[in-house]
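# Coordinates in review
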Amino acid sequence: MIQQLRIYEIFEKNKAAFHARFRDHAARIMRAKYGFRIVAMWETRFGDRTEFAYLLEWPNEAAKTSAWAAFMADAEWSEIKRATHAEHGLMVGQIEDRLLVPVDYSPSLRLSQEFTSEPRA
């Protein structure tokens, strides 16, 4: 199991529109069509920058790569991005994408192993 951390720079002037687009469209398409497992989402500040961060979980890197390629080529998503950009302007600035691979002493890895090895009733 691997995790992916995505961090988007978002803008105060159209932050509400960004959140509506991600909540109502991007997350829905990611989950329903392409099997994205979104674990958590946050809004954060970094200096004077507002950011949206979210954590995804994947069985392996190949699944991540395949799902992202399919999502980025999705016609519905392309049209939503085009329409919201036309209405609200640029909604995302810099994007950071980090693959998180647990070290062998990570508490999250230990918890995952404990969960999968529990006896089933």
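The rules we used
- Residues numbered from 1 in each chain as written.
- Predicted model: local features only at pLDDT ≥ 70, side-chain atom pairs only at ≥ 80, totals over all residues.
- Heavy atoms only, no water.
- Helix = DSSP H or I, 4+ residues; strand = E, 2+ residues; numbered from the N terminus.
- Contact = heavy atoms within 4.5 Å.
- Core = buried A, V, L, I, M, F, W, Y, C linked by side-chain atoms within 4.5 Å.
- Buried < 20%, exposed > 50% of the residue type's maximum accessible area, 1.4 Å probe, protein only.
- Polar contact = N/O pair within 3.5 Å; in protein donor to acceptor, adjacent residues only side chain to side chain.
- Pairing = 2+ DSSP bridges.
- Axes fitted to C-alpha atoms, helices over the stretch in contact; angles between N-to-C directions.

Note on placement: Leu 56 falls in strand β3 (residues 49–58). Those residues in contact with Leu 56 that sit more than four places away from it in its chain are Ile 2, Gln 3, Gln 4, Arg 6, Phe 36, Arg 37, Ile 38, Val 39 and Trp 68.

Grouped together as the largest cluster of nonpolar side chains are 23 residues, with contacts concentrated most on Tyr 8, Phe 22 and Trp 68. Of all the elements in the fold, those that place two or more residues in this core are β1 (2–10), α1 (15–34), β3, α2 (61–72) and α3 (75–88). With seven residues, α1 is the single largest residue contributor to this core. Setting aside residues up to four positions removed in sequence, Tyr 8 forms contacts with Phe 18, Phe 22, Thr 50, Glu 51, Phe 52, Tyr 54, Trp 68, Val 92, Gln 94 and Ile 95.

A few words on the side chain of Asp 74. Tracing the backbone through its elements, the reader meets Asp 74 in the loop between α2 and α3. From its side chain, Asp 74 meets the backbone nitrogen of Glu 76 in a polar contact 3.0 Å long. Engagement of the side chain of Asp 74 in a polar contact is seen with the backbone nitrogen of Trp 77, the distance being 2.8 Å. Excluding residues that lie within four positions of it along the chain, Asp 74 makes contacts with Ile 29, Lys 33 and Tyr 34.

Before going further, it helps to examine the sheet that holds β1. Strand order across the open sheet formed by four strands is β2-β3-β1-β4, with antiparallel pairing between neighbours. Unpaired on one side and paired on the other, β2 (37–46) and β4 (95–100) mark the two borders of the sheet. Put simply, the sheet's adjacent strands are angled 15° from each other on average, direction ignored. The sheet contact formed by β1 and β4 spans six bridges and is antiparallel. If you follow Tyr 8 over to β4, its bridge partner there is Ile 95. Those strands touched by α1 are β1, β2 and β3, and its axis lies near 160° from that of β2. The sheet contacts of α2 involve β1, β3 and β4, and relative to β3 the element is tilted by about 125°.

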